[in-house]
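Architecture and fold: a report
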Amino acid sequence: MARKQHKQENEVMTTDEAAAYLKMSTRTVRLLLGAKKLPGAKVGNTWRLSKAALDAFIANGGRQ
């Protein structure tokens with residue numbers, strides 16, 4: 001069980017997956033990433049977001 005939980009904490013999401021997780025549009029996720037209001041990293045020409053960082057973002061009321 002601990003191994004499965006560890007995997008979820010390190011899960012990396014695409015913008016589409018993050019948008020579904022946050023229940024917002026992909027466009028909004030990309031706008032927040034571009035404005036550096038949402039934690040993420042650009043890999044090539046695509047964004048990647050950590051589920052743990054998104055959970056922290058939500059816990060902080062939408063502030064990084």
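Below: a short report on this structure. Note on numbering: residues in each chain are counted from 1, in written sequence order. Under the rules for a predicted model, residues below a pLDDT of 70 receive no local features and side-chain atom pairs below 80 are neither given nor counted, while totals for whole chains, interfaces and linings still include all residues. No hydrogens and no water enter the side-chain calculation; it runs on all heavy atoms of the structure.

Here's the deal with the pattern of salt bridges
Note the cut-off: One side-chain nitrogen of Lys or Arg within 4 Å of one carboxyl oxygen of Asp or Glu is enough to make a salt bridge. Counting from the N terminus, the helices are DSSP H or I runs at least four residues long and the strands are E runs at least two residues long. Three labels apply to residues, based on accessible area from a 1.4 Å probe with only protein chains included: buried if under 20% of the type maximum, exposed if over 50%, partly exposed otherwise in between.
Across all of its chains, the model carries 1 salt bridge by this definition. Here Lys51 and Asp55 are joined by a salt bridge, their closest N and O atoms 3.3 Å apart. Taken together, the residues Lys51 and Asp55, both in helix α4 (residues 51-59) and 4 residues apart, mark about one turn of the helix. Among the residues examined, Asp55 registers a relative accessible area of 29% and is labelled partly exposed.

Focus on the packing of helix α2 (residues 15-22) against helix α3 (residues 26-34)
Rules: Simply put, an axis is a line fit to the C-alpha atoms, just over the touching stretch for a helix, and the angle between two N-to-C directions goes from 0 to 180 degrees. An angle counts as roughly parallel when it lies under 35 degrees, as roughly antiparallel when it exceeds 145, as roughly perpendicular when it falls between 65 and 115, and as oblique in every other case. What makes two residues a contact is simply this: any of their non-hydrogen atoms within 4.5 Å. In this classification, Asp, Glu, Lys and Arg are treated as charged, Ala, Val, Leu, Ile, Met, Phe, Trp, Tyr, Cys and Pro as nonpolar, and every other residue, Gly included, as polar.
Two elements in contact, α2 and α3, have axes separated by 8 Å at closest approach and are oriented at 105°. Judged on the interaxial angle alone, α3 and α2 are roughly perpendicular. Across from Thr15, Asp16, Ala18, Ala19 and Leu22 in α2, the residues of α3 making contact are Thr26, Val29, Arg30 and Leu33. Tallied by class, the residues present in the contact of α2 with α3 amount to 5 nonpolar, 2 polar and 2 charged.

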